[in-house]
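# Coordinate analysis (summary)
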Amino acid sequence: EGYGLGFSVTTIGKRRIVGHGGGYPGHITSTMFDPTAKIAAVALVNSLGSPAEEMTTSAFKLLNMAEKDNTTDSPPGMDLGRYCGRYANIWGVVDIAQFGNQLYLLWPDQPNPSHNAAKLEIHEGQLRLPLVNGYSSGGEFLHFDFEGEKPRSVRAESGMTWLREDHYIAAVARTAHITLGWNNIA
């Protein structure tokens, strides 16, 4: 990493990235660009403690991931786009995103969503989590509950159900309060 003429210069994957950050009370920014590919990422955040630079760096890491492994063929007649979206539950949010002909399960609240991205496998017309290092739920199938053409929910890791984000927001809005744990213990 280096700095010159007001710009930082760094390498992300094989990309030479040029950028600059800044801020003023209550706000912070980061702009990074790849002059060769003519692609830029910008984060404008209204919180001094926010990771603006990590956000723009992550954008390039996701782009690198997408370019690296998006050439596999999806099964004929399988519309991968129908599974894509943001899903939420009380633990947070996950995204299912399509890069080329490949689906990934991403955790967008992580500093680097590409770091723990799970490249979903297609096995006999179903999606499943990859077999990995023994953590997580490798080999588990994702079970979708469809509402017309869109998924209403997905049951994924460790049997957890994630509602499509708009359904989750509506469910929380209808709830006067949320109680965790055993609420009927004497």
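Right above here is the structure, for reference.
Note that the structure is a prediction, hence the values are computed from the model and not measured. (Residues numbered from 1 in each chain as written. Predicted model: local features only at pLDDT ≥ 70, side-chain atom pairs only at ≥ 80, totals over all residues. Heavy atoms only, no water.)

### Things to note about the pairing of strand S14 (residues 161–164)
Across 2 bridges, the pairing between strand S6 (residues 85–89) and S14 is antiparallel. Bridging across to S14, Tyr87 finds its partner in Arg164. Both strand S13 (residues 150–155) and S14 contribute to a ladder of 3 bridges, which runs antiparallel. Considered in S14, the bridge of Ser153 is made with Leu163. Count of turn residues in the S13/S14 antiparallel hairpin: 5 residues, of which Ser158 carries a positive phi of about 55°. (Pairing = 2+ DSSP bridges. Helix = DSSP H or I, 4+ residues; strand = E, 2+ residues; numbered from the N terminus.)

### Thoughts on the sheet that holds S13
Strand pairing in a sheet relies on backbone hydrogen bonds. The paired strands run either parallel or antiparallel. Across the sheet, which stays open at both edges, the 7 strands sit in the order S9-S8-S7-S6-S14-S13-S12 with antiparallel pairing between neighbours. Each edge of the open sheet is held by one strand with a lone partner, namely strand S9 (118–119) and strand S12 (143–147). Of the strands in this sheet, S6, S12, S13 and S14 touch helix H2 (residues 165–174), which is tilted by about 95° from S14. (Contact = heavy atoms within 4.5 Å. Axes fitted to C-alpha atoms, helices over the stretch in contact; angles between N-to-C directions.)

### Section: the nonpolar core
Formed by 18 residues in total, the largest nonpolar core has its most connected members in Ile96, Leu105, Leu120, Leu127, Leu142 and Phe144. Only strand S7 (92–99) and strand S8 (102–106) provide two or more residues apiece to this core. Non-local contacts of Ile96, meaning those with residues more than four positions away in its chain, are made with Tyr83, Cys84, Gly85, Tyr87, Leu103, Tyr104, Leu105, Leu120, Leu142 and Phe144. The next biggest cluster of nonpolar side chains, apart from the first, holds 7 residues, and it includes Met65, Ala66, Ala97 and Leu106. (Core = buried A, V, L, I, M, F, W, Y, C linked by side-chain atoms within 4.5 Å. Buried < 20%, exposed > 50% of the residue type's maximum accessible area, 1.4 Å probe, protein only.)

### Thoughts on unusual backbone geometry
The residue Lys38 is not glycine, and still its phi comes out positive at about 60°. Along the polypeptide, Lys38 turns up in the loop between strand S4 (27–34) and strand S5 (39–45). The exposure class of Lys38 is exposed, given its relative accessible area of 74%.

### Here we look at the packing of aromatic side chains
What the rule picks out here adds up to 5 aromatic pairs. Measuring from ring centre to ring centre gives 6.0 Å for Phe7 and Phe33, while their planes differ by 90°; the resulting arrangement is edge-to-face. Highlighted residues: Phe7 in strand S2 (residues 7–12) and Phe33 in strand S4, separated in sequence by 26 residues. Taken together, the aromatic side chains of Tyr83, Phe144 and Phe146 make up a single cluster linked through ring pairs. Sitting over the face of the ring of Tyr83, Arg82 holds its NZ or CZ atom 5.9 Å from the ring centroid. Above the face of the Phe146 ring, Arg82 is positioned so that its terminal group lies 3.8 Å from the ring centre. (Phe/Tyr/Trp six-rings, centres within 6.5 Å; stacked < 30°, edge-to-face > 60°. Lys NZ or Arg CZ within 6 Å of the ring centre and 35° of its normal.)

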